[in-house]
Amino acid sequence: MSATLAKGQNGPLAVSDVVISLQLTAPADLSALLVTEQGKVRTDADFVFYNQPSGPGVDLRPGPAGQAASLAVSLPAVPADIDQIRAVITLDDANSNFGRFAPPTAIVSDAAGNQLFEYRIDGLAAESIVIALELYRRQGSWKVRAVGQGYAGGFAALVTDHGVQVDDSPAPAAAPQQAPPPQQAPPPPAYPAQAAPSYPPQQAPAYAPPGGGYPPPPGPAQQPPGAGYPPPPGPGPGYPPPAQAAPPQQPAGEVSLSKDRPVSLQKGQRVTLRKEGGAALTFVKMGLGWDPVRTRGMFGNRTVDIDLDASVCLFADNNLVDVAYYGQLSSKDGSVRHQGDNLTGEGEGDDEMILVDLTRIPAHISTLLFIVTSYKGHTFEQVQNAFCRLIDGANNGELARYTLAGGMPFTAMAMAKVYRVGADWKMQALGEGFQAKHPGEAVPQLGRFLGKD
């Protein structure tokens, strides 16, 4: 006989195999987090979702057309150091929230389909993600608890709260490059090859200890999304003249900014964020753009409806600190501001713009990683003219541009990173693909892009 749970209530599980299913009134995904007594995952293998549908003792099973997936859990197969299995519901539209729809219902059944427990998740408002239920150990047995904890911050809040870290194993050394001909930029060092279009390999030792991430840094209150930054402080738009010193020799694969024309970067090339005279840039913009491929048919050309989203992930060494994306337009410290989502990519110029005030980035932030994800699952084979460009925020002059060469069978792309080297900031063109439809799926796969040159 089925029992109805209210938030916080629990009940015993007398069976060894259970199925968690959903009744939804809005499109949403179901996933699972397998956590230890500390409430943290051990590795990314403990995060079960549609792009990684199997975990230790837990399988995500696709539902019939138009219905949500379900989680099949074999409790005896769950590792002994896993204390809880948390079932998570994520709205497909991260700009929406559960308050706009009738409450979802989570159902726990046995393997034969007999309903054991039902939980109607009332009281949700601005949240786009909710932990619906958790299965947990208690005195040698398993129980189920109605949780109903929502996350207004979306996946950025979810993954950091549960210790989803990134692979911090070092990237393989690039092969030596031949000396470039005069007046030409040398070819970029090869970036590590994509291992597979899926979640990264399970490498438990490569993860930072649970709880090793940085807390959100303190900072000024968020400004309204879409508000621009003021010009950098100082008299006029110019920068103070640099000290007269011989310019350092550039490392291989690095080019210099020019005051006369934008620098065209190749994949893997780097540029130091200093003007030609040597003055450091303090406020920059990253413009990202793309066009959907037009296809020919019986009734003429048509454009595929592709929804790409630009995001920037802020890392302290290998730990995710914050994400600025369509669901959270400003970083918590206010240093990074996303200007909003372009749903189609149609039109000329930048499709999305991200503002970065380098003077406001906290000292422990070491890397800003700019990615583009395909919300509807289209691959970059259906995208053309994808680019990212660095802009001087003081005068809106374009400084550097990287254009993606050719389409690739991936739903996400690491376009570029801006990272610290001593007292300087550098930008590197990446152009590496992987599989993810939104930032939450991308984060566990970004470790390979965080190594320094």
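Provided above is the structure to which this section pertains.
Residues numbered from 1 in each chain as written. Predicted model: local features only at pLDDT ≥ 70, side-chain atom pairs only at ≥ 80, totals over all residues. Heavy atoms only, no water.

Engineer: How should the packing of aromatic side chains be read in this particular structure?
Structural biologist: Two aromatic rings are characterised by how far apart their centres lie and by the angle between their planes. Summed over all chains, the structure comprises five aromatic pairs. Seen in terms of ring centroids, Tyr325 and Tyr326 are 5.1 Å apart; in terms of plane orientation they differ by 70°. Their pairing is edge-to-face. Overall, Tyr325 belongs to the buried group, its relative accessible area being 5%. Look at Tyr326 and you get buried, because its relative accessible area is 10%. With a centroid separation of 6.5 Å and 80° between ring planes, the pair formed by Tyr326 and Tyr375 is classed as edge-to-face. Of this pair, Tyr326 sits in the loop between strand E21 (319–324) and strand E22 (336–338) while Tyr375 sits in the loop between strand E24 (367–374) and strand E25 (383–392), and the two are 49 residues apart along the sequence. Here the aromatic cluster, defined as three or more aromatic residues joined through ring pairs, consists of Phe47, Phe49 and Tyr50. In this structure, Arg401 packs its charged tip against the face of Phe387, placed 4.6 Å from the ring centre. (Phe/Tyr/Trp six-rings, centres within 6.5 Å; stacked < 30°, edge-to-face > 60°. Buried < 20%, exposed > 50% of the residue type's maximum accessible area, 1.4 Å probe, protein only. Helix = DSSP H or I, 4+ residues; strand = E, 2+ residues; numbered from the N terminus. Lys NZ or Arg CZ within 6 Å of the ring centre and 35° of its normal.)

Engineer: Just to check I follow, could you spell out the sheet that holds E22 for this structure?
Structural biologist: Note: strands within a sheet are paired through backbone hydrogen bonds, in either parallel or antiparallel orientation. As summarised here, the arrangement of the six strands in space is E15-E26-E25-E17-E23-E22, forming an open sheet in which the pairing is mixed. With one partner strand each, in any of the chains shown, strand E15 (263–265) and E22 form the two edges of the open sheet. Across the sheet, the mean angle separating the axes of adjacent strands is 20° when strand polarity is ignored. Across five bridges, E25 lies against strand E26 (residues 398–403) in antiparallel orientation. Within the sheet, the bridge partner assigned to Cys388 lies in E26 and is Tyr402. (Pairing = 2+ DSSP bridges. Axes fitted to C-alpha atoms, helices over the stretch in contact; angles between N-to-C directions.)

Engineer: When you look at the nonpolar core in this model, what are you seeing that I'm missing?
Structural biologist: Among soluble globular proteins, nonpolar side chains are generally buried collectively. One finds Leu265, Leu273, Met286, Leu288, Val356, Leu368 and Met427 to be the most contacted residues of the largest nonpolar core, which totals 46 residues. Ranked by residue count, the leading element in this core is strand E20 (residues 308–316), at five residues. In contact with Leu265, other than residues within four places in its own chain, are Val255, Val271, Ala400, Arg401, Tyr402, Met427 and Ala429. Grouped together as the second largest cluster of nonpolar side chains are 38 residues, Val58, Val73, Val78 and Trp142 included. (Core = buried A, V, L, I, M, F, W, Y, C linked by side-chain atoms within 4.5 Å. Contact = heavy atoms within 4.5 Å.)

Engineer: Just to check I follow, could you spell out the pattern of salt bridges for this structure?
Structural biologist: Side chains bearing opposite charge may pair, as long as their charged atoms lie close to each other. In total, this model carries 13 salt bridges according to the counting rule given. In this structure, Lys267 engages Glu432 in a salt bridge whose closest nitrogen and oxygen atoms are separated by 2.9 Å. A residue pair is termed long-range when its members are at least 10 positions apart, and Lys267 in the loop between E15 and strand E16 (270–272) and Glu432 in strand E28 (residues 424–434) qualify at 165 residues. Of the charged contacts, one joins Arg401 and Glu398 as a salt bridge, the two residues approaching to 2.9 Å between their closest N and O atoms. Here the salt bridges share partners, and the residues they tie into one network are Asp350, Arg389, Glu398 and Arg401. (Salt bridge = Lys/Arg side-chain N within 4 Å of Asp/Glu carboxyl O.)

Engineer: Just to check I follow, could you spell out the environment of Asp350 for this structure?
Structural biologist: On the secondary structure map, Asp350 appears in the loop between E22 and strand E23 (352–357). Judged by its relative accessible area of 22%, Asp350 falls in the partly exposed class. Separated by 36 residues in sequence, Asp350 and Ala386 place their C-alpha atoms 9.9 Å apart. Once residues within four sequence positions are removed from consideration, Asp350 is found in contact with Gly287, Leu288, Phe387, Arg389 and Ile391. Within the structure, Asp350 has its side chain in polar contact with the side chain of Arg389 (distance 2.8 Å). (Polar contact = N/O pair within 3.5 Å; in protein donor to acceptor, adjacent residues only side chain to side chain.)

Engineer: What's the story with unusual backbone geometry in this structure? I'm lost.
Structural biologist: With the exception of glycine, the majority of residues adopt a negative phi angle, and the majority of peptide bonds are in the trans configuration. Even without a glycine there, the phi angle at Gln139 is positive, about 55°. By the secondary structure assignment, Gln139 is in the loop between strand E12 (129–138) and strand E13 (141–151). On the basis of relative accessible area, Gln139 is assigned to the exposed category, the value being 79%. Even without a glycine there, the phi angle at Asp317 is positive, about 55°.

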